[in-house]
Amino acid sequence: MGFVAAIGFPFTQTNDHYANLGVNILIFGTVALGLNIVVGLAGLLDLGYVAFLGVGAYTAALVSGSEFSKFSGVQFPFWAAALTGAAASLVFGVLIGAPTLRLRGDYLAIVTLGFGEIFRIAVNNMDGVSGPDITNGPNGIPSIPDLSFFGFNFGDSHDIGGFTIGRFANYYLLMVLIMALVVTIYRRASDSRIGRSWIAIREDETAATAMGINGFRVKLIAFALGATLAGLAGTVSAHVTYSVVPNPYQFAGAAPPNSAFLLAAVVLGGMGTVSGPFLGAALLYLLPEKLVALQDKSLLAFGIALILLMRFRPEGIIPNRRRQLEFHETGQLDVPETTTLTDEPAITKAGA
């Protein structure tokens, strides 16, 4: 029913602004669901995850026929650009995960944070002056053409059943299909043997290893799969925004996407669930939109709203059943009363 409602949304809108919000929420939610594999299922704290979104976006921009691309004569069809972006993110996920996933906890978080910053600084300096001429530096890669899939141009308006579907609505419907694919992958993976291994690692890595689970291999698969899904969403993001620049791919910023907002979407919506990250992404996009009337105090109000929600709903809006029980204990075990030697009546000489 949720997918049916999502597909029907652009047919009820006459304003491209809401369709633009919708497609960005779906891109952000898809990336957050990929992060949910790493954080929610495997229990790995990744603070540089937005870099994989950037890898997918830059890869798609380089092979999509932009005149400002280093490979301006190359224009892949959409399916090939999507696969290339996902594969590039997969490779980066393996290259980063292989030497670092033997770390745990805060040490892993610091390493992933460093990777995210290294990516942003690297693409910012690949301008032919400070480094190789690949990404056009801080100017990014503009003029990315709209997608065309089997003759269907996503940049043009189309009449479907008497309804006029604009540019952002076209990309919105494409993201609904990609979201369905990502949700299917997530559900199949989480319910599989590897998914149960992720949960075992999350709960107690030492105990899981003692039971025969290869912790490093299991975590690397989670890291690589999450990176691949982020890269897939990044290929669409590059075409929606017409350009890619280094600034959004940072740890924290005033607006999504960035690693802090992605992590907040997972925790806010509910770790280990399917619908939670999408709901968290929607709230994180819509709250700043609705608080814009507060002007410079909007971020303060936004932060207060998040603190209150985490105070009274720490397991997330749509919680995983296990986490809900952990945060809200219904009661304590009844311990029978025991008597001690001091509770027994004293024995007198007469009694003896």
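Scanning the protein for helices and strands turns up 13 helices and 4 strands. Here the protein holds 352 residues, and the buried ones make up 44% of them. For the protein, restricting intrachain contacts to residue pairs at least 6 apart in sequence, the fraction spanning at least 24 positions comes to 72%.

As for its placement among the helices and strands, Thr-184 is situated in helix H6 (residues 167-190). Counting along the chain gives 90 residues from Thr-184 to Val-274, while the straight-line C-alpha distance between them is 9.8 Å.

Here the focus is the packing of aromatic side chains. Inspection of the entire model under this criterion finds 7 aromatic pairs. Geometrically, the ring pair formed by Phe-28 and Tyr-285 is edge-to-face, given 5.6 Å between the ring centres and 75° between the ring planes. On the criterion of sequence distance, the pair formed by Phe-28 in helix H2 (residues 16-41) and Tyr-285 in helix H11 (residues 275-290) is long-range, its members being 257 residues apart. The pair Phe-28 / Tyr-285 is uniform in exposure class, with both members buried.

For the structure shown, the criterion picks out 1 cavity of 30 Å³ or more. Taken as a whole, the largest cavity holds about 40 Å³ of empty space. If you trace the largest cavity, you find it lined by Leu-47, Gly-48, Val-50, Leu-113, Gly-116, Glu-117, Tyr-249, Gln-250, Phe-251 and Ser-259. For the lining of the largest cavity, the element with the highest residue contribution is helix H5 (residues 105-125), accounting for 3 residues. For the lining of the largest cavity, the residue count by class is 5 nonpolar, 4 polar and 1 charged.

Over its 16 residues, H11 extends 22 Å from the first C-alpha to the last, a length consistent with the 22 Å expected when each residue adds 1.5 Å. For H11, the set of buried residues is Gly-276, Pro-277, Phe-278, Gly-280, Ala-281, Ala-282, Leu-284 and Tyr-285.

What follows concerns helix H10 (residues 259-269). With 8 of 11 residues buried, H10 lies mostly within the body of the structure. What H10 keeps buried is the set Ser-259, Phe-261, Leu-262, Leu-263, Ala-265, Val-266, Leu-268 and Gly-269. Positive phi shows up at Gly-270, right after H10, with a value of about 135°.

So, about the layout of surface pockets. In this structure, the largest pocket occupies an estimated 400 Å³ of space. Phe-78, Phe-149, Leu-174, Leu-177 and Ile-178 are the residues nearest the centre of the largest pocket, which is lined by 20 residues in total. Top contributing element to the lining of the largest pocket by residue count: H6, with 7 residues. Residue composition of the lining of the largest pocket, by class: 18 nonpolar, 2 polar and no charged. In this structure, the second largest pocket encloses a volume near 340 Å³. Gly-2, Ala-6, Leu-26, Met-179 and Phe-278 are, among the 15 residues lining the second largest pocket, the residues nearest its centre. Those elements that place two or more of their residues in the lining of the second largest pocket are helix H1 (2-8), H2, H6 and H11.

Let's shift gears to the packing of helix H4 (residues 78-100) against helix H9 (residues 215-240). Close contact between H4 and H9 brings their axes to 7 Å; oriented N to C, the two are set at 145°. For the pair H4 and H9, the crossing hand works out as right-handed. Contacts from Phe-78, Ala-81, Ala-82, Gly-85, Ala-86, Ser-89, Leu-90, Gly-93, Val-94, Ile-96, Gly-97 and Ala-98 of H4 reach H9 at Phe-216, Leu-220, Phe-223, Ala-224, Ala-227, Thr-228, Gly-231, Leu-232, Thr-235 and Val-236. Its residues assigned to classes, the contact of H4 with H9 comprises 15 nonpolar, 7 polar and no charged.

Our focus in this paragraph is the side chain of Thr-135. Looking at the element boundaries, Thr-135 is found in the loop between H5 and strand E1 (148-149). We classify Thr-135 as buried; its relative accessible area is 4%. Here Val-123 takes part through its backbone oxygen, which lies 2.6 Å from a polar atom of the side chain of Thr-135. Sequence-distant contacts of Thr-135, defined by excluding residues within four places in its chain, comprise Tyr-58, Val-123, Met-126, Gly-140 and Ile-141.

The next subject is the pattern of salt bridges. If you walk through the whole model with that rule in mind, you get 3 salt bridges. Between Arg-202 and Glu-203 there is a salt bridge whose closest N-O contact spans 2.9 Å. The class for Arg-202 is partly exposed, based on a relative accessible area of 23%. The salt bridge partner of Lys-219 is Glu-205, with a shortest N-O separation of 3.1 Å.

It is worth spelling out a nonpolar patch on the surface at this point. On the surface, Trp-79, Leu-83, Phe-149 and Phe-150 cluster together into a nonpolar patch covering about 520 Å² of accessible area. If you trace the backbone, Phe-150 turns up in the loop between E1 and strand E2 (152-153). Since its relative accessible area comes to 79%, Phe-150 is described here as exposed.

For Pro-256, the location among the structural elements is in the loop between H9 and H10. A residue is classified by how much of its surface remains accessible, and Pro-256, at 12% relative accessible area, is buried. Between the alpha carbons of Pro-256 and Phe-28 there is a distance of 7.8 Å; along the sequence they are 228 residues apart. Discounting chain neighbours no more than four positions away, the residues touching Pro-256 are Phe-28, Phe-261, Leu-284 and Tyr-285.

What counts and how
Residues numbered from 1 in each chain as written. Predicted model: local features only at pLDDT ≥ 70, side-chain atom pairs only at ≥ 80, totals over all residues. Heavy atoms only, no water. Helix = DSSP H or I, 4+ residues; strand = E, 2+ residues; numbered from the N terminus. Buried < 20%, exposed > 50% of the residue type's maximum accessible area, 1.4 Å probe, protein only. Contact = heavy atoms within 4.5 Å. Phe/Tyr/Trp six-rings, centres within 6.5 Å; stacked < 30°, edge-to-face > 60°. 1 Å grid on protein atoms, 1.4 Å probe; cavity = no way out; pocket = protein on both sides within 12 Å on 5 of 7 lines; lining within 4 Å. Points joined across faces, edges and corners; volume = space filled by probe spheres on them. Nonpolar A, V, L, I, M, F, W, Y, C, P; charged D, E, K, R; others polar. Expected span 1.5 Å × (residues − 1). Axes fitted to C-alpha atoms, helices over the stretch in contact; angles between N-to-C directions. Left-handed = near helix turned anticlockwise from the far one by under 90°. Polar contact = N/O pair within 3.5 Å; in protein donor to acceptor, adjacent residues only side chain to side chain. Salt bridge = Lys/Arg side-chain N within 4 Å of Asp/Glu carboxyl O. Patch = residues over 30% accessible without salt bridge, like charges linked within 9 Å, V, L, I, M, F, W, Y side chains within 5 Å. Areas by Shrake-Rupley, 256 points an atom, 1.4 Å probe, with all protein chains shown as cover.

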